Amino acid sequence: MVFINFNGEILPADTKLVTSKNRAFRYGDGLFESMRLMKGQLKFPELHADRLQRGMKALKIDGYSQMDAWFLKEKTADLARRNKAKHGRLRLTVYRDAEGLYTPSQNKMAYCLELQPMDEPRYFLNDKGLIMDIYTELPKPTNYLSNIKTCNSLLYVMAGIYKTQNKLDDVFLLNQNGFLCEAGSSNIFIWYQKHLYTPALSEGCVEGVMRQVIIDIAKKNNIPVTEAQINPEILYEADEVFLTNASRGIQSVIGFGVRRYFNGMSKILMEELNKL
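Residues numbered from 1 in each chain as written. Predicted model: local features only at pLDDT ≥ 70, side-chain atom pairs only at ≥ 80, totals over all residues. Heavy atoms only, no water.

> Explanation requested: the overall build of the chain in the structure shown.
Along the backbone of the chain there are six helices and 15 strands. For 276 residues, the compact-globule estimate of 2.2 N^0.38 gives 19 Å, and the chain sits close to it at 19 Å. Viewed in the frame of its principal axes, the chain has a C-alpha envelope of about 50 × 40 × 35 Å. For the chain, with 276 residues in total, the buried portion stands at 50%. Element-wise, carbon and sulfur atoms account for 52% of the exposed surface of the chain, whose accessible area totals about 13,900 Å². (Helix = DSSP H or I, 4+ residues; strand = E, 2+ residues; numbered from the N terminus. Rg over C-alpha atoms; globule rule 2.2 N^0.38 Å. Buried < 20%, exposed > 50% of the residue type's maximum accessible area, 1.4 Å probe, protein only. Areas by Shrake-Rupley, 256 points an atom, 1.4 Å probe, with all protein chains shown as cover.)

What follows is the structure, given as structure tokens:
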């Protein structure tokens, strides 16, 4: 049986918990963190806590000071023990626990922590490179909510449906100005003329924890890296494209249209990532 932590209570994962008045269900009024557990340890707890606290502040949800790195490490370690799991994917959903219509009656926090056990003690680069295309039906708006992983994920749901219908492995998302933003559930990195590029936060991408980790690794290894506004036309010229997120680490892209990419930089960065 798989267990979850619902507001501090350990319960079976299939327990019916929320009512129709739940604000995450009604309005997407909340945010979430996707995290990775390896060898019983939460990866990058400080970065996750920092992002979560800033997101809660931006959404004006009270109790953000409680969601520190110690809290995340403690709760994930406890849930891992209950699930007899050493490795896995974690999702922490934090939502506003309040009555009211669009206007909440209060800003109290509630949370749910879930664990999906896995057998992987480290990050693995995908054997089969991803085939991708650009999703143009819904551009992503750029505002201060764009960098937060909110519970309002319709854009990603629609992109996911498009991906499935078109037999793709993933899609590139554009922002409202037509520049590269991110992928379906990851940040994008492009290796072009011996330089690494990733869309800047001002371009509306989610402020990925793994994105920051990879930027730091690149800098430490003297790999030139720039956060920029990126025209999607670069995808026809790039030497390599890869995606990053906290669950999978790095995923290399092999194809965009007729363009084929290498994966040498992905391998170098993945090796460094697994040393952390």
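We are not done yet, so read on.
> I'm lost on the packing of helix H2 (residues 45-58) against helix H3 (residues 69-82) in this one. Help?
When two helices pack together, their arrangement is given by the angle between their axes and by how far apart the axes lie. Contact geometry for H2 and H3: axes closest at 8 Å, N-to-C directions at 115 degrees. For the element pair H2 and H3, the recorded crossing hand is right-handed. Here Pro45, Glu46, His48, Ala49 and Leu52 of H2 lie close against H3, whose contacting residues are Ala69, Leu72 and Lys73. Within the contact of H2 with H3, the residues separate by chemical class into five nonpolar, one polar and two charged. (Axes fitted to C-alpha atoms, helices over the stretch in contact; angles between N-to-C directions. Left-handed = near helix turned anticlockwise from the far one by under 90°. Contact = heavy atoms within 4.5 Å. Nonpolar A, V, L, I, M, F, W, Y, C, P; charged D, E, K, R; others polar.)

> What is the right way to look at unusual backbone geometry in this model?
Across the chain, the bulk of peptide bonds are trans and the bulk of non-glycine residues have phi less than zero. The phi dihedral of Lys167 is positive, around 55 degrees, even though this residue is not glycine. For Asn222, which is not glycine, the phi torsion reads 55 degrees and is therefore positive. In this fold, Asn222 is placed in the loop between helix H5 (209-220) and strand S12 (225-228).

> Would you mind showing me how to read helix H4 (residues 154-165) here?
In an α-helix there are 3.6 residues to a turn, and that puts residues three or four apart on one side. The end-to-end C-alpha separation of H4 is 16 Å, in line with the 16 Å expected for 12 residues at 1.5 Å each. As for H4, its buried residues are in contact with strand S7 (130-140) and strand S8 (170-175). Count one or two residues on from H4 and you reach Lys167, which has phi positive near 55 degrees. (Expected span 1.5 Å × (residues − 1).)

> What is the right way to look at the packing of aromatic side chains in this model?
Under the defined criterion, the tally for this structure stands at six aromatic pairs. Considering the side-chain rings of Tyr27 and Tyr102, the 5.2 Å spacing of their centres and the 50 degrees angle between planes classify their relative orientation as tilted. Here the residue Tyr27 occupies a position in helix H1 (residues 23-27), and Tyr102 occupies one in the loop between strand S5 (87-96) and strand S6 (109-118), the gap between them amounting to 75 residues. Residue Tyr27 is classed as partly exposed on the basis of its relative accessible area of 27%. (Phe/Tyr/Trp six-rings, centres within 6.5 Å; stacked < 30°, edge-to-face > 60°.)

> Is there a simple way to think about the pairing of S7 in this case?
Pairing between S7 and strand S14 (residues 249-256): three bridges, direction parallel. Bridge pairing links Met132 to Phe256 in S14. For the crossover from S7 across H4 to S8, the handedness is right-handed. (Pairing = 2+ DSSP bridges. Right-handed = clockwise from strand over helix to strand, strands pointing away.)

> Would you mind going over the sheet that holds strand S4 (residues 41-42) with me for this structure?
The strands making up a sheet associate through backbone hydrogen bonding, with each pair oriented either parallel or antiparallel. Spatially, S2-S1-S6-S5-S3-S4 is the arrangement adopted by the six strands of the open sheet, whose pairing is antiparallel. Edge positions in the sheet fall to strand S2 (9-12) and S4, since each has one partner strand and no second. Relative to S5, strand S3 (residues 30-38) is paired through eight bridges, and the arrangement is antiparallel. Each residue of the ladder has a partner; that of Ser34, found in S5, is Arg91.

> Can you help me understand the nonpolar core in this one?
The nonpolar side chains of a soluble globular protein tend to be buried with one another. Formed by 24 residues in total, the largest nonpolar core has its most connected members in Leu31, Leu52, Met56, Met67, Leu72, Leu92 and Val94. If you list the elements that add at least two residues to this core, you get S3, H2, H3, S5 and S6. Looking at this core element by element, the count peaks at five residues for H3. Beyond its immediate chain neighbours, meaning those up to four positions away, Val94 contacts Gly30, Leu31, Leu52, Met56, Met67, Met109, Ala110 and Tyr111. Ranked by size, the runner-up nonpolar core spans 22 residues in total, among them Leu125, Ile217, Phe242 and Met270. (Core = buried A, V, L, I, M, F, W, Y, C linked by side-chain atoms within 4.5 Å.)

> When you look at the pairing of strand S10 (residues 187-192) in this model, what are you seeing that I'm missing?
Each regular strand carries side chains that alternate between the two faces of the sheet. In terms of residue burial, S10 counts as a mostly covered element, since five of its six residues are buried. With five bridges connecting them, S10 and strand S13 (residues 240-245) associate as antiparallel partners. In the sheet register, Ile188 faces S13, and the bridge partner there is Leu243. Inspection of the sheet shows S10 paired to strand S11 (residues 195-199) by three bridges, in the antiparallel sense. Bridge pairing in S11 links Tyr192 to His195. Following S10, the chain reverses through two residues before pairing antiparallel with S11; Gln193 in that reversal takes a positive phi of roughly 50 degrees.

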